[in-house]
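Secondary and tertiary structure notes
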Amino acid sequence: MTIEKIHEIFLQCNSVCTDTRKIHKNDLFFALKGENFNGNSYAEKALRNGAKFAIIDEESFSHIPNTILVKDALKALQELATYHRNYLNIPIVALTGSNGKTTTKELINTTLSQKYNTKATIGNLNNHIGVPLTLLSMNESTEMGIVEMGANHQKEIEFLCNIAKPDYGYITNFGKAHLEGFGGVEGVIKGKSEMYDFLINNNKTIFVNGNDPIQVDKTSHSNRYIFGDNINADCKITFIDAQPTVKVKYNNTTIQSNLIGEYNFSNIAAAITIANYFKVEEASIKNAIESYIPTNNRSQVIKKNSNEIILDAYNANPTSMRAAILNFEKLKDNNKIAFLGDMFELGKEAELEHQSIADLIESTSINQTILIGENFNKTQTKNSLKFKTFEDFEKNFNMTSVVNSTLLIKGSRGMAMERILDLL
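Residues numbered from 1 in each chain as written. Predicted model: local features only at pLDDT ≥ 70, side-chain atom pairs only at ≥ 80, totals over all residues. Heavy atoms only, no water.

**Some details on the UniProt feature "binding site: ATP" (unreviewed entry) in the chain**
Rule in force here: UniProt positions are given in the numbering used here, feature names are shortened, and annotations may be inferred rather than shown by experiment. Two kinds of site are reported from a 1 Å grid over the protein atoms alone, namely cavities, where a 1.4 Å probe fits but cannot get out, and pockets, open sets with protein on both sides within 12 Å along at least five of seven lines, and residues are called lining when an atom falls within 4 Å of a point. For the purposes of this entry, the term helix denotes a DSSP run of H or I that reaches at least four residues, the term strand denotes a run of E that reaches at least two, and both are numbered from the N terminus. Note on definitions: a residue-residue contact is assigned when non-hydrogen atoms from the two residues lie within 4.5 Å.
The UniProt entry lists Gly97, Ser98, Asn99, Gly100, Lys101, Thr102 and Thr103 under the feature "binding site: ATP" (unreviewed entry), expressed in the numbering used here. Cross-referencing the annotated residues with the largest pocket identifies Ser98, Asn99, Gly100, Lys101, Thr102 and Thr103 as lining it. Relative to the helices and strands, Lys101 is located in helix H4 (residues 101–112). Excluding its chain neighbours within four sequence positions, the residues that come into contact with Lys101 are Leu95, Thr96, Asn126, Glu148, Met149, Gly150 and Thr172. Within the fold, Thr102 resides in helix H4. Every residue in contact with Thr102, bar those within four places of it in the chain, is listed here: Gly123, Asn124, Glu148 and Arg298.

Given below as structure tokens:
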């Protein structure tokens, strides 16, 4: 069956689903395969649970009524997403980067939705399955789409751009993330810049942080719209302070966000810039940024008992960890305690990067540091407390002694550092 025909069927359905546990009535089910499952074997259940049709790619299941046989269900999903994107023909803003993607995406969506009916990536569904699902969640009432793209190896962003075909793009930064898959920092820059390559080759527009010399250099021969506090900026935005949440000045308007940390300035500035480009009113932009409350362990400020907690434990890499530590040191608080968990996916750089963070934290004025995880446990330190596992920390560190303090909690997702909240 052709993609055109599948698209006609898709338009008769309510939405697309790949998980029988989340099926709604009249969904179109795609039988995807994984390491430990075969979606074809769930097609009958999906239909029984309310799906209108099921896309399968194994002929042995084609006897089931309302199944549609294709060569490859995943490829069909991706091709359908591109076809639907072209069918809707709406502006698509794409973003990627090492740090701050999801926060920036949420801020862009918050600001643009002041004027437009938008649809954005849900959570961090930003891979070869998540991007198609995002595109297929858009409909004829959608006026603008915001698509987050994640990657941990070369050619992944190029692949996702060819699915989503963005009209506009933004790269948050090039940092020390997924070094194992990209093969070092230069590999990260090359991999993330695949978005620039697509946009330049297709004569599209790039939003650029004018305070980032690498970004400025990489986009020198492009249609670009620059933001920052320098003279060449198309959209002038100035950082005021972050004590503890970020305050910025945009034109003559002061905006007080609920986002912790100076490192969130560029995320906020990008959202303001993109909204400004699409003619969202200044007062609406201010309202959107000031109303946005971070969730899901990203730059959250939480008060618990006598302590104030900066919870930034959704993920971590050397770049974001360094930024969080330096920001934490600048806070004008009396007793500051940092709880840091291991950073993952660093490959052969893991030992060096963990030692570098341990050295940095011990050079600061932060009162106490607790390092948790196998990699941090191997570091050479003088003043930090170290625990090989979270369980060791839980057994041997007295959390009842933590009172009247400001806490930073950060680590990679696999460390689940937010568990510390339960110990307070």
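**Some points on the sheet that holds strand E11 (residues 205–209)**
Note the threshold: Here, any two strands with at least 2 DSSP bridges between them count as paired. Between N-to-C directions, angles cover 0 to 180 degrees, with each direction set by a line fitted to C-alpha atoms, over the stretch in contact for helices.
As summarised here, the arrangement of the nine strands in space is E8-E9-E7-E10-E11-E12-E13-E14-E15, forming an open sheet in which the pairing is mixed. Whereas interior strands pair on both sides, the edge strands pair on one side only; in this sheet they are strand E8 (118–120) and strand E15 (253–260). Each neighbouring strand pair of the sheet contributes to a mean axis angle of 25°, computed without reference to strand direction. Note: strand E14 (residues 245–250) against E15, five bridges, orientation antiparallel. Bridge pairing in E15 places Tyr250 opposite Thr253. Strand contacts of helix H11 (residues 265–277): strand E7 (92–96), strand E10 (168–171), E11, strand E12 (223–228), strand E13 (235–242), E14 and E15, with the helix running at about 150° to E13, the strand carrying the most contacts.

**So, the pattern of salt bridges**
We apply this condition: Each salt bridge in this description consists of a side-chain nitrogen of Lys or Arg and a carboxyl oxygen of Asp or Glu lying within 4 Å of one another. Only protein chains enter the area calculation, which uses a 1.4 Å probe; residues under 20% of their type maximum are buried, those over 50% are exposed, and those in between are partly exposed.
The tally for this structure, following the rule as stated, stands at 14 salt bridges. The partner of Glu58 in a salt bridge is Lys33, and the shortest N-O contact between them spans 3.5 Å. Here Glu58 is found in the loop between strand E5 (53–56) and strand E6 (67–69), whereas its partner Lys33 is found in strand E3 (residues 33–34), with 25 residues between them in sequence. By relative accessible area, Glu58 is classed as partly exposed at 23%. The shortest N-O distance in the salt bridge between Glu391 and Arg419 comes to 3.7 Å. Of the two residues, Glu391 is situated in helix H16 (residues 390–396) and Arg419 in the loop between strand E21 (406–410) and helix H17 (420–423); the sequence distance between them amounts to 28 residues. Here the salt bridges do not stand alone but share partners, grouping Lys33, Asp57 and Glu58 into one network.

**Here's the deal with unusual backbone geometry**
Cis geometry marks the peptide bond from Gln243 to Pro244; its omega dihedral reads -5°. Position of Pro244 relative to the elements: it lies in the loop between E13 and E14. One non-glycine residue with positive phi stands out, namely Asn203, at about 55°. In this structure, Asn203 sits in the loop between helix H9 (194–201) and E11. Judged by relative accessible area, which is 58%, Asn203 ranks as exposed. Unlike most non-glycine residues, Glu345 shows phi in positive territory, near 60°. Relative to the elements of secondary structure, Glu345 occurs in the loop between strand E18 (336–341) and helix H14 (350–362).

**Some points on the environment of Met144**
When you line up the elements, Met144 lands in strand E9 (residues 144–148). Residues Met144 and Thr118 lie 26 residues apart in sequence; the distance between their C-alpha atoms is 4.9 Å. If we ignore the near neighbours within four places in the chain, the residues touching Met144 are Ile90, Pro91, Val93, Leu112, Tyr116, Asn117, Thr118, Lys119 and Phe278.

**A look at the environment of Lys410**
Keep this limit in mind: Two N or O atoms form a polar contact when they lie within 3.5 Å of each other; inside protein one atom must be a possible hydrogen donor and the other a possible acceptor, and for residues adjacent in sequence the pair counts only when both atoms belong to side chains.
Position of Lys410 relative to the elements: it lies in strand E21. The sequence separation of Lys410 and Asp19 amounts to 391 residues, and the corresponding C-alpha distance is 31 Å. Setting aside chain neighbours within four positions, we find Lys410 in contact with Asp312, Ala313, Asn315, Ala316, Ser320, Met321, Ala324, Phe339, Leu340, Gly341 and Met417. A polar atom in the side chain of Lys410 sits 3.3 Å from the side chain of Asp312.

**What about the pairing of E13?**
Inspection of the sheet shows E12 paired to E13 by two bridges, in the parallel sense. Considered in E13, the bridge of Phe227 is made with Cys235. The loop that links E13 with its antiparallel partner E14 comprises two residues.

**Describing the UniProt feature "domain: Mur ligase N-terminal catalytic" (unreviewed entry) in the chain**
In the numbering adopted here, UniProt assigns the feature "domain: Mur ligase N-terminal catalytic" (unreviewed entry) to residues 15–60. Helix makes up 13% of residues 15–60 and strand 28%. Its end C-alpha atoms lie 26 Å apart.

**Digging into the packing of aromatic side chains**
Short version of the rule: The pairing test for Phe, Tyr and Trp rings, Trp by its six-membered ring, is centres within 6.5 Å, and the orientation test on the planes gives stacked under 30 degrees, edge-to-face over 60, and tilted for anything in between. In this analysis the charged atom, NZ for Lys or CZ for Arg, is taken to sit over a ring once it is within 6 Å of the ring centre and within 35 degrees of the ring normal.
In the structure shown here, the tally under the stated rule is 16 aromatic pairs. Between the aromatic rings of Phe207 and Tyr277, the centroid separation amounts to 5.2 Å while the plane-to-plane angle is 85°, which identifies the pairing as edge-to-face. You can see Phe207 sitting in strand E11 and its partner Tyr277 sitting in helix H11, a full 70 residues away along the chain. With a relative accessible area of 1%, Phe207 lands in the buried category. A relative accessible area of 25% means that Tyr277 is categorised as partly exposed. A centroid spacing of 5.6 Å and a plane angle of 70° characterise the contact between Phe387 and Phe393, whose relative ring orientation is edge-to-face. Across this residue pair, the class does not change: Phe387 and Phe393 are buried. Taken together through their ring pairs, the aromatic side chains of Tyr116, Tyr168, Phe207, Tyr225, Tyr277 and Phe278 make up a single cluster. For the cation-ring pair, Arg419 lies above Phe390, with the distance from its terminal atom to the ring centre recorded as 3.9 Å.

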